[in-house]
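Fold and contact review
Listed below, chain by chain, are the residues.
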4 protein chains.
Amino acid sequence: MLIVMKADATDGQVEAVVQVIEELGYKAHPMPGAARTAVGITGNSGAIDPSHFETLPGVAEAVRISKPYKLVTLDMRKEKTVVRVGDAAIGGDELAIIAGPCAVESRTQAFAVAEVVRRSGARFFRGGAFKPRTSPYAFQGLGEDGLKILAEIRDTFGLKIVTEALDEPSVDLVERYADMIQIGARSMQNFTLLRRVGKSSLPVLLKRGLSATLDEWLLAAEYIMAEGNYQVVLCERGIRTFSQHTRNTLDLAAIPAVRRISHLPVIVDPSHGTGKNYMVTPLARAGVAVGADGLIVEVHDSPGNALSDGAQALTLDQYERLVSEVRAIHEVIAPAPVG
Amino acid sequence: MLIVMKADATDGQVEAVVQVIEELGYKAHPMPGAARTAVGITGNSGAIDPSHFETLPGVAEAVRISKPYKLVTLDMRKEKTVVRVGDAAIGGDELAIIAGPCAVESRTQAFAVAEVVRRSGARFFRGGAFKPRTSPYAFQGLGEDGLKILAEIRDTFGLKIVTEALDEPSVDLVERYADMIQIGARSMQNFTLLRRVGKSSLPVLLKRGLSATLDEWLLAAEYIMAEGNYQVVLCERGIRTFSQHTRNTLDLAAIPAVRRISHLPVIVDPSHGTGKNYMVTPLARAGVAVGADGLIVEVHDSPGNALSDGAQALTLDQYERLVSEVRAIHEVIAPAPVG
Amino acid sequence: MLIVMKADATDGQVEAVVQVIEELGYKAHPMPGAARTAVGITGNSGAIDPSHFETLPGVAEAVRISKPYKLVTLDMRKEKTVVRVGDAAIGGDELAIIAGPCAVESRTQAFAVAEVVRRSGARFFRGGAFKPRTSPYAFQGLGEDGLKILAEIRDTFGLKIVTEALDEPSVDLVERYADMIQIGARSMQNFTLLRRVGKSSLPVLLKRGLSATLDEWLLAAEYIMAEGNYQVVLCERGIRTFSQHTRNTLDLAAIPAVRRISHLPVIVDPSHGTGKNYMVTPLARAGVAVGADGLIVEVHDSPGNALSDGAQALTLDQYERLVSEVRAIHEVIAPAPVG
Amino acid sequence: MLIVMKADATDGQVEAVVQVIEELGYKAHPMPGAARTAVGITGNSGAIDPSHFETLPGVAEAVRISKPYKLVTLDMRKEKTVVRVGDAAIGGDELAIIAGPCAVESRTQAFAVAEVVRRSGARFFRGGAFKPRTSPYAFQGLGEDGLKILAEIRDTFGLKIVTEALDEPSVDLVERYADMIQIGARSMQNFTLLRRVGKSSLPVLLKRGLSATLDEWLLAAEYIMAEGNYQVVLCERGIRTFSQHTRNTLDLAAIPAVRRISHLPVIVDPSHGTGKNYMVTPLARAGVAVGADGLIVEVHDSPGNALSDGAQALTLDQYERLVSEVRAIHEVIAPAPVG
């Protein structure tokens, strides 16, 4: 942390800041400049609360230098984490593709989609049994019945099941039927839920919140890892901005930004990231080109009749073309270096 | 809902849209224009999913007209709701002031603040026992011990206790010790939690999420009311924008915007809404001037030593001046009309 | 500036940073910490370009400490600037009110509004002769004919004329007919225009850009002052955010933020800041309560027929009520302290 | 346009709306619904000002349906525009690459970069002679001397010169020395400048403003085209959001969004779009993968010594690798369909 004094701060005020630093057990480094003095702090092991300083007389600003997370960082682990889900993986050489309907609506619908997903060579099937819906009057998912259909799909097609949990009881159920727990954007700072999945033996897919900074997202992963579960995959799914030609603004620069700081794999969701059918494939291509470890996409056998998010779901045909396009791109890009 | 066709849509494509509308059991109103045709839909009782139309050939856009909420609206109830908390109230003629430390840290600290809060004439005391913290390594609150201190404050000073619950177990505890349940910004779309407090007999203070639109915020209130709890107070506490001179951007236009749609009371949080001590009083004044029903402010007996959010807490002196300034403004403004 | 090294930076890399600093003629202050080393820089008179350091091996970040502006700051001038416009002023004890139609449409319209503005006790009349319009097909203003009407209003009612200039030729004309040059939000970083009005003898009303940070806004003022014109009034008029219940999000925290850094007066525009008639008065009250030096509001004798921005214009009656409400608030708030 | 009435609007209020529509010479289509009535408007040739309706009693909202632009649209021209710059082109089958330093600093620097740009097979050279700088004290470009160096580069290397103009005098100079006029993000709504380049015989590169919606950006292009210059290339260069891990948030969904509406070519600027050297290549790959017609990238022979924006400039080596990577991606993606 660096304490920047006001231009007219007195020597006594600088001295008072130094004294507070020393009382806290740290070392103070005053640096008198032409216009103003700054005081560096060292000797701290964790983050220092800026409020110790911001209200002291003569202080202009307290600038945080160290980052507040540890386990997610490349400082902690140099090699990229490969998250293993049975015999499939995310973060390795192969591009991970997670596909399926927004919500499991019926056995027929889910099986029709799963067949195409399997045929495409994807290893993961997504489908919501518990749906977080903005309106209390919207379809909220089939619950445990949906999970049973998903478990059947795993048995029939050999696909790994990725599905969202909304609270502790639904984590219990997802653990029983599925292979990977998804934490949705609206739950990214549901700390009770993060701690609960941190105690799970299943890997976790952690979506970025709509207004989450990079630090907040990584700290959400840190919550999970701090409980002992190191199998975390990050997922960029768009942020909320003034731009209204898409449902969210897909922030693809987050992929190299995560790479530079963290060893965790990171994938892209072009379906929620755009909210528009015709944009999903171009943004999926861009996600792979930017260096993501995989994609999660919504596919429906009849998007016009979908019970949720039909506007962004791909048809089966569109999905198959998407897979062949992103595979071709994945082959030509050099593997993104770590760090 | 209005379906806007592309400029080059064929008559057959318009006809197909009309047919889908009629199959859904609604009435279609085609309106051929100079440049393009639009088709209005009536006869629906709830919201129509735009995805029925957005992927049909020739369709440019499906524009939602009706709002998806009911219970929160002035259509449902013309008179403003007054939320009663024992013998105190929010939404009536008197300006409601909720004040106290960010987190309950100790009996001594909480009592020191409570004494000043009581002396100021405020009727509500705030203080966190369960703190949602961005970092897993930050102080997370005293839990039930904190609630016990709050209950003592109620008994000693006659203040009503407002405190945050993070999950179902903490709602159970808050119900036992406090008078009003706060749902924090990060939990605004924790739908499990919203349904749980919807079944509570305590009133609920619902903070706006960092990236919540007006509709999403009102729908979160609708979740609570749909379970039967009509005692909901909304709280504007700042949104996330590019603007970095404050921690959040306080969106005071939300107050008249809520007023025009909803009968629920709405208050302002200038502490989280700015994150800076020196801004709290001016923005509190602005919140009252814009027509809010009350304020929630952070006060600490020694902000420099606060375990959380010290940078924004007022000193006891600053708080007393704030109260006298906002009371003066409240007296001169005409009561904001409903509707 | 502070150079933060990566956790695994070598001593040689730190040494290389020190060397670059010294080659630039500054003094380096290395501060080895538990996790990483930081190097402070002093001895610079102006801002240092971070790019000297950001690409050096081992460097994590270059953090700017000093602010890049001077003339706008309280460091440069302790007392608040009072901008004088003839016998009227902005920034003094009296609340400045600038009112009038968005665009001058006709002599009749402008005179009808001006009469009410004068009667309200306001000293300034606004009205656009050159209108920056998003669409090339929208009404672009009456040009010099509009300015002539404004000049007549000055002569008839004794009001000071505030009107926008879009480019150098329109500055020439505005100088001929008006009393104060307005620089609109879209022109806030039109540096050619800023330099031109910096050479004018008229005071300048500088609106904040839709996506301008506080620093960018103050630097725009610095451009004007660097040319010798110190008569600058800042105007907060809303920023662009995800929030769509208003045309822009009025960032009232900008008022105390400016106050803390700058001696320049700052006013609020609740008309563009909300874009909705029914919000103008509440936000005007809030603007005065937060401590602004004045308001600029749009008034029209027949808003339904306005050629631009009718949706936000007040009727003459609404305007008169607004003035009496904001005056009452202005009387009760303590004068905001400088610094 | 669609006028949505309030739920409690009276028949007389609906009738009054119909009457206003008919007085304006349009046709009204009232659609009584279960909850509320809406009134469609047809018969208009251009956009209707919503303010005719928004303040009428009983009106809840006026929803704009038709778009306010024409010349930029696929309705006007079905085939994609190929902008020709001498024997080079943007918008055709070949990927257009525009590369060079942020600012022309010296003949030596510019030539060193140009040689590498030429060798890479790129056809366009960029370099600023007039730099819009946030601070009045920053390097503002070499002016006409810079343009002369650029003209020499054209003669020596056969590269087409793309350079920014800030105002009318600099357009005159750019026309004399260069091949394509760049309008920067800060000038996107400098309507005087847009009209001036609309009268030029040179093609125009129009960058998206930091807070520009898709409609505003297309309307800026419409300003240029309305003056007769149809040779416009759009450039996505990042928007301003809360996300602070990059200088701007590159909104790659804008590429398919433009494609669906407009026949104009659109390119991507990964340098300003991220502001960080290590992100430029991944985002350049993403830009090509999403379907952009080209890239504009900053390259410097010695980024650490750059006079502006060094932190984002690629080294010559990095640039050569970028070109080979994006070419490989361009080859594998199917040409994006129009419409």
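With that out of the way, let us pick up the side chain of Arg-259 of chain B. Tracing the backbone shows Arg-259 of chain B in helix α8 (residues 254-261). In this structure the side chain of Arg-259 of chain B is engaged in a polar contact, spanning 2.7 Å, whose partner is the backbone oxygen of Gly-291 of chain B.

Here we take up the interface of chain D and chain C. A common way to express how large an interface is: the accessible area buried when the components associate. Contact residues are listed per partner, giving 40 residues for chain D and 40 residues for chain C. Taken over both partners, the interface formed by chain D and chain C buries close to 3300 Å², and the fraction arising from carbon and sulfur atoms is 50%. Contact with chain C buries area across many residues of chain D, yet Thr-134, Tyr-137 and Arg-240 of chain D alone supply 16% of it, more than any other trio. For the pair chain D and chain C, the number of links is 2 salt bridges. Residues Glu-216 of chain D and Arg-240 of chain C are paired through a salt bridge, measuring 2.6 Å at the closest nitrogen-oxygen approach. On the surface where chain D and chain C come into contact, there are 18 residue pairs in polar contact (both at pLDDT 80 or more).

What follows covers helix α9 (residues 277-290) of chain A. All names here are of chain A. The end-to-end C-alpha distance of α9 is 21 Å, a good match for the 20 Å that 14 residues give at a rise of 1.5 Å each. Counting buried positions along α9 gives 13 out of 14 residues, so the element sits mostly inside the fold. Just downstream of α9, Gly-291 is the residue with a positive phi angle, here 115°.

Expressed as a screw transformation, the operator carrying chain D onto chain A has a rotation angle of 180° and an axial translation of 0.0 Å, and the superposed copies differ by an RMSD of 0.1 Å. One copy is carried onto the other by what is essentially a two-fold rotation axis. Closest to the rotation axis within chain D is the C-alpha of Ala-286 of chain D, separated from it by 2.0 Å. The residues that chain D uses at the interface reappear at the interface of chain A in 100% of cases, marking a shared surface.

This brings us to the confidence of the model for chain A. Across chain A, pLDDT averages 91, with 96% of residues at or above 70. Reported confidence for the predicted complex is 0.89 by ipTM and 0.91 by pTM.

Listed per partner, the contact involves 35 residues of chain D and 35 residues of chain A. For the pair chain D and chain A, the summed buried area comes to about 2800 Å², and 74% of that belongs to carbon and sulfur atoms. Together, Phe-242, His-245 and Tyr-278 of chain D form the three largest contributors to the area buried by chain D at its contact with chain A, with a combined 22%. Counting the contacts that link chain D with chain A gives 0 salt bridges. The tally of links from chain D across to chain A stands at 8 residue pairs in polar contact (both at pLDDT 80 or more). Looking at the side of chain D that touches chain A, the elements with two or more residues in it are α8 (254-261), α9 (277-290) and α10 (316-332) of chain D. A total of 8 residues in the side of chain D that touches chain A trace back to one element, the largest contributor, which is α9 of chain D.

Here is what the cut-offs are and how they apply
Numbers given for residues are sequential positions, taken from 1 along each chain in its written order. Working convention: letters from A go to chains and numbers from 1 go to ligands, in the order in which they are written. Whole-chain, interface and lining totals are the exception, using all residues; otherwise, since this is a predicted model, local features are given only for residues with pLDDT of at least 70 and side-chain atom pairs are given and counted only at 80 or more. With hydrogens and water stripped out, all remaining heavy atoms of the structure feed into the side-chain values. Runs of H or I in DSSP of at least four residues are treated as helices and runs of E of at least two as strands, each being numbered from the N terminus. Nitrogen and oxygen atoms within 3.5 Å of one another constitute a polar contact, given that in protein one can donate a hydrogen and the other can accept it, and given that sequence-neighbouring residues count only through two side-chain atoms. Residue contacts are defined here by distance: any two heavy atoms, one from each residue, within 4.5 Å place the two residues in contact. Two parts placed together each lose some accessible area under a 1.4 Å probe, and adding up what both lose gives the buried area. Each reported salt bridge corresponds to a side-chain nitrogen of Lys or Arg within 4 Å of a carboxyl oxygen of Asp or Glu. In a helix, the anticipated span is given by 1.5 Å times the number of residues less one. Only protein chains enter the accessibility calculation, which uses a 1.4 Å probe; a residue whose area is less than 20% of its type maximum is buried, one above 50% is exposed, and one in between is partly exposed. The atoms used to superpose the copies are C-alpha atoms, taken from residues with pLDDT of at least 70 in both, and the fit is least squares. pLDDT expresses, on a scale from 0 to 100, how confident the predictor is about each individual residue.

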